[in-house]
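Structure at a glance
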There are 2 protein chains.
Amino acid sequence: MRDFSQDHRWLSINTATVRKQRGVEQPLPDIIEACARRGIRAISPWRDQVAAAGLSTISRLVKTHGLALSGYCRGGMFPATNAAGLQAARDDNRRAVDEACELNAACLVLVVGSLPGALAGKAVHKDIALSRSQVHDGIAELLEYATVNHMPLAIEPLHPMYAADRACINTMEQALDVCDALDSSRSGTLGVAVDVYHVWWDPKLEAQIKRAGKERLLAFHVCDWLTPTTDLLNDRGMMGDGVIDIPKIRGWVEAQGFAGYSEVEIFSTATWWQRDGGPVLDTCIARHKTAV
Amino acid sequence: MRDFSQDHRWLSINTATVRKQRGVEQPLPDIIEACARRGIRAISPWRDQVAAAGLSTISRLVKTHGLALSGYCRGGMFPATNAAGLQAARDDNRRAVDEACELNAACLVLVVGSLPGALAGKAVHKDIALSRSQVHDGIAELLEYATVNHMPLAIEPLHPMYAADRACINTMEQALDVCDALDSSRSGTLGVAVDVYHVWWDPKLEAQIKRAGKERLLAFHVCDWLTPTTDLLNDRGMMGDGVIDIPKIRGWVEAQGFAGYSEVEIFSTATWWQRDGGPVLDTCIARHKTAV
């Protein structure tokens, strides 16, 4: 297992971590500059942040600073209620692959979606099996495009508390079943993003990380689970402030040969988004050394 | 599958559903009277409610009204940091079995506990595997006492969002692994409480209900998952107001031979606890007919 205690060379910042300071959207170029000033070598930006600044601008900035992208957030949201909706998702996901290629991302992260309408508070139906079937088909099709474009797809199993509205793939086992079905040769173009926040509770986690193996372990995300957790979406903790044994999970992942970045991804309305971005990045660097 | 549309003979009320109306604790005798007046044939009370009114009082009231107990809430909370703590949990769980026997409950529901201290916001350690081991041992020991006393123990797998503080058994598969390990003969004294709120998201749910079979399906709890869910603990929905396909899950359970009560268990600070208990019970009866 790599020693993280001396430096932060394997730290990546998911740019959502410092995007909403005191409710004000922070421009992605500013976030990139702040990361670069601190010797942070990798980021993972969101599509809407990139779009707001312009893809070519971000592409140039990333190159200027020699930054790597540990991932690109995000593709997915496959389910829909009709053919037009499925087609729109397909088209949008292909654009996401194109952007990820332009930015030279390590992978496109997939948050696969679930019951249509649920995210807006009004699910159109309750048939999660149907959504899972649409997700399977959507990934299958996108995988062809991703393969041609050499852009790995990382299915991110989300915590079961997001099963209704954000992702109907909720365990590593389930994600890996999809990988096995669609990429039996373990090509490296389809795998998983392991976010400790989503999977730490799973009694089968260690076994499924082993099952994934190096070829399918495409990304590793860290933050912490707070007790109590006061909001289902935006109350993630800084590494070390919660109950997740992050080093143990990192050990399992690295035992399989994973040698990529540990990407910090914290959505935190009440705590970390209430501070200036700079000090938050400094805390990420410090905790990366002591709690990851 | 039984037809629930014509009457509510298979409705049970978990008494937490109407215990905190407008923040005021409702005495259990009043709740029992309100249920009996409506022809509700079963309840599932909580130990603290019973203790507040007196065990003998509740026992008498239950008999007077000819009420069944679909379950008794609850035993469990096995993990501790030292031998004294483990012993205290052991003793308390035996008392819970005694009370369940006195009330002639169908089963004692087990919410097994997890990281010591986490429920109070300060986990003593992060070793969930250790807690799981303590839970395994605690159930093993309690099972001996429960067997002698003919009181079935129903392990309730809780939603993974409670894995830190309330229960480290989080899937049906995990609960049934414990059942298989401790009661390989399928004696009927160890099984599971299937609460749709906790397990609806699980892609292996149907298969695990089949695996459980009639001998291990000891209780069936209903409510609904709202989108959005605004509180991790106390924002459960009334059946029909959320995204869970309850009839489908009830069909799976009944296909295995389950013929017990559908127990309504709703914790709802913002909605159902803001109304008088009577109308809430009336709504439970109505939704039991249309949405369960």
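Residues numbered from 1 in each chain as written. Chains lettered and ligands numbered in written order. Predicted model: local features only at pLDDT ≥ 70, side-chain atom pairs only at ≥ 80, totals over all residues.

A few points about the overall build of chain A
In terms of helices and strands, chain A carries 10 helices and 9 strands. A compact globule built from 292 residues would reach a C-alpha radius of gyration of about 19 Å, and chain A, at 18 Å, matches this within 12%. Overall size of chain A, expressed as C-alpha extent along the three principal axes, is 45 × 40 × 40 Å. Put simply, 78% of the contacts in chain A that link residues at least 6 apart link residues at least 24 apart. (Helix = DSSP H or I, 4+ residues; strand = E, 2+ residues; numbered from the N terminus. Rg over C-alpha atoms; globule rule 2.2 N^0.38 Å. Contact = placed C-beta atoms within 7 Å.)

So, the pairing of strand β4 (residues 72-76) of chain A
Residue and element names in this part refer to chain A. By the criterion of burial, β4 is predominantly enclosed, with 5 of the 5 residues buried. Sheet topology note: the β4/strand β5 (residues 108-111) ladder contains 4 bridges and is parallel. Counterpart to Y72 in the pairing with β5 is L108. As for the winding sense of the linkage, the β-α-β connection from β4 through helix α4 (residues 83-102) to β5 is right-handed. (Buried ≥ 20, exposed ≤ 12 C-beta atoms within 10 Å, placed from the backbone. Pairing = 2+ DSSP bridges. Right-handed = clockwise from strand over helix to strand, strands pointing away.)

A short note on the interface of chain B and chain A
In this assembly, 25 residues from chain B lie in contact with 25 residues from chain A. Taken together, the residues of the side of chain B that touches chain A sort by class into 14 nonpolar, 6 polar and 5 charged. (Nonpolar A, V, L, I, M, F, W, Y, C, P; charged D, E, K, R; others polar.)

Quick word on the relation of the copies chain B and chain A
Once turned by 180° and shifted 0.0 Å along the axis, chain B lies on chain A with an RMSD of 0.0 Å. One copy is carried onto the other by what is essentially a two-fold rotation axis. Taken together, the interface assignments show that 100% of the residues at the interface of chain B recur at the interface of chain A, consistent with an identical surface on both copies. (Least-squares fit on C-alpha atoms with pLDDT ≥ 70 in both.)

Here we look at the confidence of the model for chain A
Across chain A, the average pLDDT comes to 98, with 100% of residues at or above 70. The complex model carries a pTM of 0.98, and its ipTM stands at 0.98. (pLDDT = per-residue confidence, 0-100.)

Thoughts on the pairing of strand β7 (residues 190-195) of chain B
Residues and elements named next belong to chain B. Counting buried residues along β7, 6 of its 6 residues qualify, which places the element largely inside the surrounding structure. Relative to β7, strand β6 (residues 153-155) runs parallel, the two sharing 3 bridges. Each residue of the ladder has a partner; that of A154, found in β7, is G191. In this region the chain leaves β6, passes through helix α6 (residues 172-182) and returns to the parallel neighbour β7; the handedness of that crossover is right-handed.

Regarding the environment of V280 of chain B
Residues and elements named next belong to chain B. Note that V280 resides in helix α10 (residues 277-290). Distance from V280 to Q87, taken between C-alpha atoms, is 40 Å for residues 193 residues apart in sequence. Excluding residues within four positions of it along the chain, V280 makes contact with T17, V18, W272 and R275.

Quick word on the packing of α4 of chain A against helix α5 (residues 128-148) of chain A
When two helices pack together, their arrangement is captured by the angle between the axes and the distance separating the axes. Residues and elements named next belong to chain A. At their nearest, the axes of α4 and α5 sit 10 Å apart, and the two run at 40° to each other. Between α4 and α5, the angle is such that the two are oblique. Note on packing geometry: the crossing formed by α4 with α5 is right-handed. Of the residues in α5, those in contact with L86, A89, R90, N93, R94 and V97 of α4 are Q134, G138, E141, L142, Y145 and A146. Its residues assigned to classes, the contact of α4 with α5 comprises 6 nonpolar, 3 polar and 3 charged. (Axes fitted to C-alpha atoms, helices over the stretch in contact; angles between N-to-C directions. Parallel < 35°, antiparallel > 145°, perpendicular 65-115°, else oblique. Left-handed = near helix turned anticlockwise from the far one by under 90°.)

Some words on the nonpolar core
Ranked by size, the top nonpolar core spans 194 residues in total, and within it L108, A154 and V192 of chain A together with L108, A154 and V192 of chain B carry the most contacts. Every residue in contact with L108 of chain A, bar those within four places of it in the chain, is listed here: Y72, G75, A96, V97, A100, M151, L153 and A154 of chain A. (Core = buried A, V, L, I, M, F, W, Y, C linked by C-beta atoms within 7 Å.)

Brief notes about the environment of A286 of chain A
Tracing the chain through its elements places A286 of chain A in helix α10 (residues 277-290). Along the primary structure A286 of chain A and S5 of chain A are separated by 281 residues, whereas in three dimensions their C-alpha atoms are 8.9 Å apart.

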